[in-house]
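Here's the letter readout for the chains.
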Amino acid sequence: MTKKMIEVRQATKEYAGGTRALDGVSLDILQGEWVAIMGPSGSGKTTLLNLLSCLDRPTSGTVGIDGADVTRLAANQMAQFRREKVGLVFQQFHLVPYLTALENVMLAQYFHSMPDADEARHALEEVGLGARLHHLPSHLSGGEQQRVCIARALINQPQVILADEPTGNLDEANEEIVLDLFRNMHAQGHTLVVVTHDPTVSAMADRTIRLEHGRVVEPGEAMTAMPTGAPRVLQQA
Ligand code: ADP
């Protein structure tokens, strides 16, 4: 049986001021599964991704990744766990502006263990950027910057790739290139969790989990935000 890579149990996240961004979320994601997270703005998608990427902790509930309850780890252990298990891809890229493409990837190696220029170069060649190694982010197109981010996310061979609107800032041609890289990651057995508004992206996933008001919309449950009479939107089996 395929093992569970992610197990979230009754996760609630309250921010100061009383906003309940997540409200008793429970979900399982299997190893090698590609899951899209969808939902209206403010429904808790980024908050959930922050928990899965060990950038934040729930107020209550647990978050299990590869068998470990990360909510029990001390802050430095959490950071170490994140570096080893998780690769992150953001809509806004978050590349260091004064480092080249190669150096940005090597920085991720440095934080994980040890920089290795040959390995970093190879990772950039794999995403089609062999001719852009020494360019600064400002000298790369949006699509190229996102490919650097993907090389950076993959460089330490994490089991889980978490992405927040990875195609949100890209034109159609670059979206296709980036989605091809996601298809490759999926084929290689990575577990992918992708927050997206884009139905094309979610259609490529094995399954879509929908959030609304900080809760998972269960199969058979209508989204309350939908106007009366609109089709019911379900969590795919
Ligand atoms: P989404 O990614 O689906 O747009 P978020 O997870 O960013 O949703 O936000 C969920 C809710 O939590 C929103 O109401 C948002 O305003 C609130 N929120 C998010 N981050 C914070 C924060 N750091 N402090 C206070 N409230 C926050």
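None of these values were measured; they are calculated from a predicted model.

*Asks:* Help me understand the sheet that holds strand 9 (residues 207-212) in this model?
*Replies:* Backbone hydrogen bonds are what pair the strands of a sheet, in a parallel or an antiparallel way. Spatially, 6-7-8-3-9-10 is the arrangement adopted by the six strands of the open sheet, whose pairing is mixed. Strands at the two margins of the open sheet, each flanked by one partner only, are strand 6 (86-90) and strand 10 (215-216). Note: strand 3 (residues 34-38) against strand 8 (residues 191-195), four bridges, orientation parallel. Across the sheet, Ile-37 pairs through a bridge with Val-195, a residue of strand 8. Contacts between helix 2 (residues 75-85) and the sheet are confined to strand 6 and strand 7 (160-164), with strand 6 contributing the most and set at about 80° to the helix.

*Asks:* What am I meant to see in the environment of Arg-132 here?
*Replies:* Relative to the assigned elements, Arg-132 resides in the loop between helix 4 (117-126) and helix 5 (142-154). Residue classification places Arg-132 among the partly exposed positions, given a relative accessible area of 30%. Sequence separation between Arg-132 and Met-5 is 127 residues, and the spatial gap between their C-alpha atoms is 34 Å. Residues within four places of Arg-132 in sequence aside, it is in contact with Ala-101, Leu-140 and Glu-144.

*Asks:* I would appreciate a short explanation of the site of the ligand in the present structure.
*Replies:* Every residue lining the ligand is accounted for by Tyr-15, Thr-19, Ala-21, Pro-40, Ser-41, Gly-42, Ser-43, Gly-44, Lys-45, Thr-46 and Thr-47. At 2.7 Å, a backbone N or O of Gly-42 approaches an oxygen atom of the ligand. Thr-47 places a side-chain nitrogen or oxygen 2.6 Å from an oxygen atom of the ligand. When the ligand is considered free in solution it has 560 Å² of accessible area, and contact with the protein chains removes 59% of it. At three residues, the largest contribution of residues to the shell around the ligand is made by helix 1 (residues 45-52).

*Asks:* It is not clear to me how the packing of aromatic side chains should be interpreted in this structure. Could you clarify?
*Replies:* Any aromatic ring pair is given by two values, namely how distant the centres are and how the planes are angled relative to each other. Applying the stated criterion to the full structure yields two aromatic pairs. With 5.5 Å between their ring centres and 65° between their planes, Tyr-110 and Phe-111 make a pair best called edge-to-face.

*Asks:* Can you walk me through the packing of helix 5 against helix 6 (residues 172-187) in this structure?
*Replies:* Packed helices, taken two at a time, are described by the angle their axes make and the gap between the axes. Relative to each other, helix 5 and helix 6 sit at 15°, their axes nearing to 9 Å. For the element pair helix 5 / helix 6, the angle class is roughly parallel. Note that helix 5 runs across helix 6; the crossing there is right-handed. Packed against helix 5, whose contacting residues are Gly-143, Gln-146, Arg-147, Ile-150 and Leu-154, the element helix 6 presents Asn-174, Ile-177, Val-178, Leu-181, Phe-182 and Met-185 at the interface. Here the contact of helix 5 with helix 6 is composed, by residue class, of seven nonpolar, three polar and one charged.

*Asks:* I keep staring at helix 2 and nothing clicks. Help me out?
*Replies:* Every α-helix carries 3.6 residues per turn, so stepping three or four residues along brings you back to the same face. Residues of helix 2 that are buried: Met-78, Ala-79, Phe-81 and Lys-85. One side of helix 2 holds all its buried residues, which, seen down the axis, span an arc of 160°.

*Asks:* What am I meant to see in unusual backbone geometry here?
*Replies:* Peptide bonds are, in most cases, trans, and in most cases residues other than glycine have a negative phi. A positive phi is found at Gln-10, a non-glycine position, where the angle reads about 50°. Note on placement: Gln-10 falls in strand 1 (residues 4-14). Assessed through its relative accessible area of 52%, Gln-10 is described here as exposed. Here Gln-157, not a glycine, exhibits a phi torsion of approximately 50°, which is positive. Secondary-structure assignment places Gln-157 in the loop between helix 5 and strand 7.

*Asks:* Can you help me understand the pairing of strand 4 (residues 60-65) in this one?
*Replies:* Bridge count for strand 1 against strand 4 is five bridges, and the pairing is antiparallel. Among the inter-strand pairings, Thr-12 is bridged to a residue of strand 4, identified as Ser-60. Sheet topology note: the strand 4/strand 5 (residues 68-69) ladder contains two bridges and is antiparallel. Residue pairing for strand 5: Gly-64 is matched across the bridge by Asp-69.

*Asks:* Any chance you could explain the environment of Glu-172 here in plain terms?
*Replies:* Within the secondary structure, Glu-172 sits in helix 6. Using a relative accessible area of 69% as the deciding quantity, one classes Glu-172 as exposed.

*Asks:* Looking at this model, I keep getting lost on the pairing of strand 8. Mind explaining?
*Replies:* Every regular strand shows the same layout, with side chains that alternate between the two sheet faces. The buried count for strand 8 comes to five of five residues, which makes it a mostly enclosed element. By the alternation rule, side chains of strand 8 split into Thr-191, Val-193 and Val-195 and Leu-192 and Val-194, which are all buried. In this sheet, strand 8 lies alongside strand 7 in parallel orientation, the contact comprising five bridges. The residue bridging Leu-162 from the neighbouring strand is Val-193, located in strand 8. As a crossover connection, the stretch from strand 7 through helix 6 into strand 8 is right-handed.

Cut-offs applied
- Residues numbered from 1 in each chain as written.
- Predicted model: local features only at pLDDT ≥ 70, side-chain atom pairs only at ≥ 80, totals over all residues.
- Heavy atoms only, no water.
- Pairing = 2+ DSSP bridges.
- Helix = DSSP H or I, 4+ residues; strand = E, 2+ residues; numbered from the N terminus.
- Contact = heavy atoms within 4.5 Å.
- Axes fitted to C-alpha atoms, helices over the stretch in contact; angles between N-to-C directions.
- Buried < 20%, exposed > 50% of the residue type's maximum accessible area, 1.4 Å probe, protein only.
- Near = heavy atom within 4 Å.
- Polar contact = N/O pair within 3.5 Å; in protein donor to acceptor, adjacent residues only side chain to side chain.
- Areas by Shrake-Rupley, 256 points an atom, 1.4 Å probe, with all protein chains shown as cover.
- Phe/Tyr/Trp six-rings, centres within 6.5 Å; stacked < 30°, edge-to-face > 60°.
- Parallel < 35°, antiparallel > 145°, perpendicular 65-115°, else oblique.
- Left-handed = near helix turned anticlockwise from the far one by under 90°.
- Nonpolar A, V, L, I, M, F, W, Y, C, P; charged D, E, K, R; others polar.
- Arc of directions from axis to C-beta.
- Right-handed = clockwise from strand over helix to strand, strands pointing away.

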